[in-house]
Amino acid sequence: MSPRTPGADLPEHPDFLWRNPEPKRSYDVVIVGGGGHGLATAHYLAKNHGITDVAVLEKGWLAGGNMARNTTIIRSNYLWDESAAIYEHALKLWEGLEDDLGYPILFSQRGVLNLAHSLQDVRESVRRVEANKLNGVDAEWIGPDEVRKVCPIVNTSTDIRYPVMGATYQPRAGIAKHDYVAWGFARRIDQAGGDLVQDCEVTGFTTDGDRVTGVRTTRGDIAAGHVVLCAAGHTSVLTDMLGFRVPLQSHPLQALVSELLEPVHPTIVMSNAVHVYVSQAHKGELVMGAGVDSYNGYGQRGAFHIIERQMAAAVELFPVFARAHLLRTWGGIVDVTPDASPVAGRTPYANLTINCGWGTGGFKATPGIGWCLADTVAKGEPHPYVAPFALDRFVTGALVDEHGAAAVAH
Amino acid sequence: MQLIECPWCGPREEVEFHYGGQAHVAYPDDPAALTDEQWAHYVFFRDNPKGRFAERWSHSAGCRRWFNAVRDTATYRFERVHRPDESPTP
């Protein structure tokens with residue numbers, strides 16, 4: 001009997017979810033950045049507006065930046081009307097996204113607790129709950145006993161450094177499998193005829209007066225009728241090429257997972273004061289994130305003392321985690337604005353739409369911002385949900401100041 | 001944790017320092033003469049390069065003095081540090 005060829009018995013490779021095409025020399029719309037926002041924009045351009053001559057250019061591999069590095073938390077309990085509107089729009093889309101994409105995304109609405117540890121926290125939290133209710137966002141204020149009912153492993157005793165004095169609770173908040181979300185969008189874009197071009201870094205732009213005529217890339221020049229920037233932490237690198245400024249600072253943001261554990265954590269817990277947010281992924285890892293590293297950085301890595309402090313906070317809140325082992329840490333690059341709100345909409349170039357500044361919280365907005373950017377490109381007018389986040393708000397002074405206001409752990 | 005060279009104290013651990021953002025942003029000579037746009041650029045807009053960046057740092061848990069640094073934001077390497085009264089170029 002002759003020896004069998006190694007691997008001969010292996011199953012066929014599953015079908016690819018998208019082609020890996022050579023870029024054409026021209027597109028109606030070129031989207032720079034193949035992360036969640038870029039993919040969602042291309043999807044809704046095709047689905048809502050029938051615009052399919054679209055390329056998504058990605059300098060690395062598809063959805064390998066912040067889309068692969070976030071902690072997957074989805075919620076809409078933001079303080080200000082402008083923020084609540086776009087995040088709630090996104091949350092409603094999340095609720096139907098699996099059907100829309102025809103692809104499993106493991107969206108699990110397990111609720112989010114935002115803990116209050118001081119009288120000031122309590123006041124701000126109650127205020128935010130009332131604001132949320134007025135905006136049609138599900139929210140309630142609950143005391144320590146109810147916190148324990150929602151999440152029994154939170155330490156609600158009074159003898160800890162930062163006792164839990166209550167929490168805001170948004171039951172419709174949840175988590176999703178971020179990779180599946182990206183793949184689901186990518187598959188739909190490919191089916192609609194859009195090109196997903198990986199390993200294609202934008203190195204410059206061609207312009208004519210107040211119009212961008214195309215992009216220069218590592219895979220050749222590509223002409224474009226409209227260009228959308230969805231480059232998150234690298235946005236400043238692109239706007240420097242275009243000669244206008246956006247008030248962004250790029251910071252490393254780290255997250256980590258534990259080893260796989262039995263289901264112990266039924267919800268999402270965030271705490272601004274001690275600075276940690278935790279959920280348990282479907283497979284069983286505890287997924288945790290903290291605040292940004294203080295300095296500007298493009299290195300997709302941060303300092304270990306940030307992780308150390310984050311773990312101290314986590315163990316204080318969840319004594320049961322004390323013996324869990326850290327499996328993996330990583331970093332992404334987040335683009336932070338002065339008011340902790342995104343910048344989206346018009347630029348000095350008539351056919352260039354910008355989308356950036358989502359800082360530490362862009363994942364949750366993915367379908368919402370994609371929807372609004374597609375609408376903005378198709379109609380040539382900022383969608384009402386992105387209009388408040390225009391670049392010129394830093395000149396007019398109409399900031400959407402979510403720093404500390406939005407249950408945001410920036 | 002990386003060591004940062006304080007121009008007064010020498011190399012110390014990163015946790016002793018506080019980041020101060022872009023260096024050499026001067027207060028406008030005549031603030032009242034600025035347009036809203038110019039004022040916005042002074043208040044809100046800072047450079048955000050990938051690569052060499054002139055920054056301010058404070059040795060907040062040490063001598064508490066401010067100093068300037070040129071650091072690479074892609075590698076996080078400090079190229080040089082200098083006191084505010086020293087020239088930014090070697």
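**Student:** Break down the overall build of chain A for me, citing the residues and quoting the values.
**Tutor:** Tallying secondary structure elements over chain A gives nine helices and 18 strands in all. Here the C-alpha atoms of chain A give a radius of gyration of 22 Å, agreeing with the 22 Å that 2.2 N^0.38 yields for 410 residues. Each of the three principal axes of chain A carries a C-alpha extent, and together these read 80 × 65 × 40 Å. Each of the 410 residues in chain A was classed as buried or not, and the buried ones make up 58%. Considering only contacts in chain A between residues 6 or more positions apart, those separated by 24 or more positions represent 76%.

**Student:** Lay out the state of the cysteines in plain terms, naming residues and giving numbers.
**Tutor:** Residues and elements named next belong to chain B. Under the counting rule described, the total for this entry stands at zero disulfides over all chains. Here Cys 9 stays free of any disulfide, with the sulfur of Cys 63 as its closest cysteine sulfur at 3.7 Å. The exposure class of Cys 9 is partly exposed, given its relative accessible area of 27%.

**Student:** For the environment of Gly 194 of chain A, give the residues involved together with the corresponding values.
**Tutor:** Residues and elements named next belong to chain A. As for its position among the elements, Gly 194 is in the loop between helix H5 (178–192) and strand S8 (195–197). By relative accessible area, Gly 194 is classed as buried at 3%. Through-space distance from the C-alpha of Gly 194 to that of Arg 123 is 48 Å; in sequence the pair is 71 residues apart. The contacts of Gly 194, once residues within four sequence positions are left out, are Arg 19, Thr 52, Val 54 and Ile 189.

**Student:** Pulling in residues and values, what's your account of the packing of aromatic side chains?
**Tutor:** On inspection of all chains with the given rule, the structure shows 19 aromatic pairs over all chains. Where Tyr 87 of chain A meets Trp 358 of chain A, the ring centres are 5.9 Å apart and the plane angle is 90 degrees; that geometry is what we call edge-to-face. Pair noted here: Tyr 87 of chain A is in helix H2 (residues 81–101) and Trp 358 of chain A is in the loop between strand S18 (352–356) and helix H8 (366–379), with a separation of 271 residues, a long-range link. Among the residues examined, Trp 358 of chain A registers a relative accessible area of 8% and is labelled buried. Both rings, one in Tyr 180 of chain A and one in Trp 183 of chain A, keep their centres 5.6 Å apart while their planes meet at 35 degrees; by these two values the pair is tilted. With Tyr 180 of chain A and Trp 183 of chain A both in helix H5 and three residues apart, this pair spans about one turn of that helix. Of the residues examined, Tyr 180 of chain A reaches a relative accessible area of 27% and is grouped as partly exposed. The exposure class assigned to Trp 183 of chain A is partly exposed, which follows from its relative accessible area of 29%. Taken together, the aromatic side chains of Tyr 295 of chain A together with Tyr 19, Trp 57, Tyr 76 and Phe 78 of chain B make up a single cluster linked through ring pairs. For Arg 56 of chain B, the ring lying beneath its charged end belongs to Trp 66 of chain B, and the centroid distance is 5.5 Å.

**Student:** I'd like to hear about the nonpolar core, residue by residue, with values.
**Tutor:** Residue and element names in this part refer to chain A. One finds Ile 31, Trp 94 and Val 181 to be the most contacted residues of the largest nonpolar core, which totals 47 residues. Going through the elements one at a time, strand S1 (26–32), helix H1 (36–49), strand S2 (54–57), H2, H5 and H8 are the ones with two or more residues in this core. No other element matches the eight residues that H2 contributes to this core. Setting aside chain neighbours within four positions, we find Ile 31 in contact with Gly 38, Thr 41, Ala 42, Leu 45, Val 54, Ala 55, Val 56, Leu 57, Val 228 and Cys 230. Counting 30 residues, the second-largest nonpolar core is a separate cluster that includes Tyr 27, Ala 55, Cys 200 and Val 246.

**Student:** Explain the packing of H2 of chain A against H8 of chain A residue by residue, including any values.
**Tutor:** A pair of packed helices is captured by two measures, namely the crossing angle of their axes and the spacing between those axes. Residues and elements named next belong to chain A. As a packed pair, H2 and H8 sit with axes 7 Å apart at the nearest point and diverge in direction by 105 degrees. Regarding the angle of H2 to H8, the classification is roughly perpendicular. Residues Ile 86, His 89, Ala 90, Leu 93, Trp 94 and Leu 97 of H2 form the contact with H8, whose participating residues are Thr 366, Pro 367, Gly 368, Ile 369, Trp 371 and Cys 372. Tallied by class, residues from the contact of H2 with H8 come to nine nonpolar, three polar and no charged.

**Student:** Explain the environment of Asn 66 of chain A to me, and be specific about the residues and the numbers.
**Tutor:** Residues and elements named next belong to chain A. Turning to its location among the elements, Asn 66 is positioned in the loop between S2 and strand S3 (73–74). Since its relative accessible area comes to 25%, Asn 66 is described here as partly exposed. Once residues lying within four places of it in the same chain are set aside, the contact partners of Asn 66 are Ala 232, Gly 332, Ile 333 and Val 334. Here Ile 333 takes part through its backbone oxygen, which lies 2.8 Å from a polar atom of the side chain of Asn 66.

**Student:** Can you tell me about the sheet that holds strand S6 (residues 166–170) of chain A, naming the residues and giving the values?
**Tutor:** Residue and element names in this part refer to chain A. Taken in spatial order, the eight strands make up an open sheet running S5-S6-S4-S13-S14-S15-S12-S16, and their pairing is mixed. Whereas interior strands pair on both sides, the edge strands pair on one side only; in this sheet they are strand S5 (140–142) and strand S16 (326–336). Along the sheet, successive strands turn relative to each other by an average axial angle of 20 degrees, direction set aside. In this sheet, S6 lies alongside S5 in antiparallel orientation, the contact comprising three bridges. The partner of Trp 141 across the bridge, within S6, is Thr 168.

**Student:** So what's going on with unusual backbone geometry? Residues and values would help.
**Tutor:** Most peptide bonds are trans, and most residues other than glycine sit at a negative phi. All names here are of chain A. Although it is not a glycine, Ala 63 adopts a positive phi angle of roughly 55 degrees. With respect to the helices and strands, the residue Ala 63 is situated in the loop between S2 and S3. Positive phi outside glycine occurs at Leu 106, with the angle close to 50 degrees. Its place among the elements puts Leu 106 in the loop between H2 and strand S4 (112–116).

**Student:** Any chance you could break down the interface of chain A and chain B for me, citing the residues and the numbers?
**Tutor:** Taken residue by residue, the interface counts 26 residues in chain A and 22 residues in chain B. Counting the surface lost from both chain A and chain B, the interface buries some 2200 Å², and carbon and sulfur atoms represent 55% of this. Between Arg 245 of chain A and Asp 47 of chain B there is a salt bridge; the shortest N-O distance is 3.0 Å. In this structure, the connection of chain A to chain B is made through 16 residue pairs in polar contact (both at pLDDT 80 or more). Elements with a minimum of two residues in the side of chain A that touches chain B: helix H6 (235–242), strand S12 (249–260), helix H7 (304–317) and helix H9 (393–396) of chain A. The leading source of residues in the side of chain A that touches chain B is S12 of chain A, at three residues. Its residues assigned to classes, the side of chain A that touches chain B comprises 13 nonpolar, 10 polar and three charged.

Basis of the calculations
- Residues numbered from 1 in each chain as written.
- Chains lettered and ligands numbered in written order.
- Predicted model: local features only at pLDDT ≥ 70, side-chain atom pairs only at ≥ 80, totals over all residues.
- Heavy atoms only, no water.
- Helix = DSSP H or I, 4+ residues; strand = E, 2+ residues; numbered from the N terminus.
- Rg over C-alpha atoms; globule rule 2.2 N^0.38 Å.
- Buried < 20%, exposed > 50% of the residue type's maximum accessible area, 1.4 Å probe, protein only.
- Contact = heavy atoms within 4.5 Å.
- Disulfide = S-S within 2.5 Å.
- Phe/Tyr/Trp six-rings, centres within 6.5 Å; stacked < 30°, edge-to-face > 60°.
- Lys NZ or Arg CZ within 6 Å of the ring centre and 35° of its normal.
- Core = buried A, V, L, I, M, F, W, Y, C linked by side-chain atoms within 4.5 Å.
- Axes fitted to C-alpha atoms, helices over the stretch in contact; angles between N-to-C directions.
- Parallel < 35°, antiparallel > 145°, perpendicular 65-115°, else oblique.
- Nonpolar A, V, L, I, M, F, W, Y, C, P; charged D, E, K, R; others polar.
- Polar contact = N/O pair within 3.5 Å; in protein donor to acceptor, adjacent residues only side chain to side chain.
- Pairing = 2+ DSSP bridges.
- Buried area = accessible area lost by both parts, 1.4 Å probe.
- Salt bridge = Lys/Arg side-chain N within 4 Å of Asp/Glu carboxyl O.

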